[in-house]
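# Examining the three-dimensional arrangement
Each chain, written out:
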Amino acid sequence: MHGIIPGTESRMKFVLLILAAGLTAGVKAQGQVPSKPTLTTPAASDPAVLFKQGEAALNRNDLETAERSFRAVLANDAQAVGAYANLGVVYMRRKQWTRALEMLRQAERLAPSLAGVRLNIGLVY
């Protein structure tokens, strides 16, 4: 995928990847995880690459990198449900409940049928 994810079908695949990331957040990735990714690589503006970097950072509990990556995804695509959902997880881990709820509510507005988002909203409360 290059650039902003167009079309509904591509967006749904992106959302499913994001959901999978949210459901596995906190579980250490198996195998070798690259050291702290940088956002200065040529593909750094590709939302899919940024999202993967954020997902890997979230799995390592590198919340600063995860937040930066998911914010960069949103800068490219303000409708990226998974970036909002995973920012909610970042803020939940930091116990920043108001910010977590803001991100999760935005994810819920964009994709009201995603059960994982509603679960996390419940956990915030």
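Refer to the structure presented above.
First things first, this report covers the structure right here in the doc. Quick caveat, the model's predicted, so the values are computed rather than measured.

Right, let's get into the pattern of salt bridges. Tallied over the full model, the rule gives 6 salt bridges. One salt bridge connects Glu64 with Arg68, and the closest N-O pair in it is separated by 3.5 Å. Placement of the pair is Glu64 and Arg68 together in helix H3 (residues 63-76), with a separation of 4 residues, close to one helical turn. When the shortest N-O distance is used, the salt bridge between Arg71 and Glu67 registers 3.9 Å. Taken together, the positions of Arg71 and Glu67, both in helix H3 and 4 residues apart, correspond to about one turn of that helix. Judged by relative accessible area, which is 15%, Glu67 ranks as buried. One network of salt bridges, in which partners are shared, links Glu67, Arg71, Arg94 and Arg99.

The terminal C-alpha atoms of helix H5 (residues 97-110) lie 20 Å apart, and with 14 residues this matches the ideal 20 Å at 1.5 Å per residue to within 8%. Those residues of H5 that sit buried are Ala100, Leu101, Met103, Leu104 and Ala107. Down the axis of H5, the smallest arc covering the buried residues is 165 degrees, so these residues share one side. What points out from H5, more than 90 degrees from its buried face, is the exposed set Thr98 and Arg109. Buried positions along H5 lie against H3, helix H4 (81-93) and helix H6 (115-124).

About the cut-offs
- Residues numbered from 1 in each chain as written.
- Predicted model: local features only at pLDDT ≥ 70, side-chain atom pairs only at ≥ 80, totals over all residues.
- Heavy atoms only, no water.
- Salt bridge = Lys/Arg side-chain N within 4 Å of Asp/Glu carboxyl O.
- Helix = DSSP H or I, 4+ residues; strand = E, 2+ residues; numbered from the N terminus.
- Buried < 20%, exposed > 50% of the residue type's maximum accessible area, 1.4 Å probe, protein only.
- Expected span 1.5 Å × (residues − 1).
- Arc of directions from axis to C-beta.
- Contact = heavy atoms within 4.5 Å.

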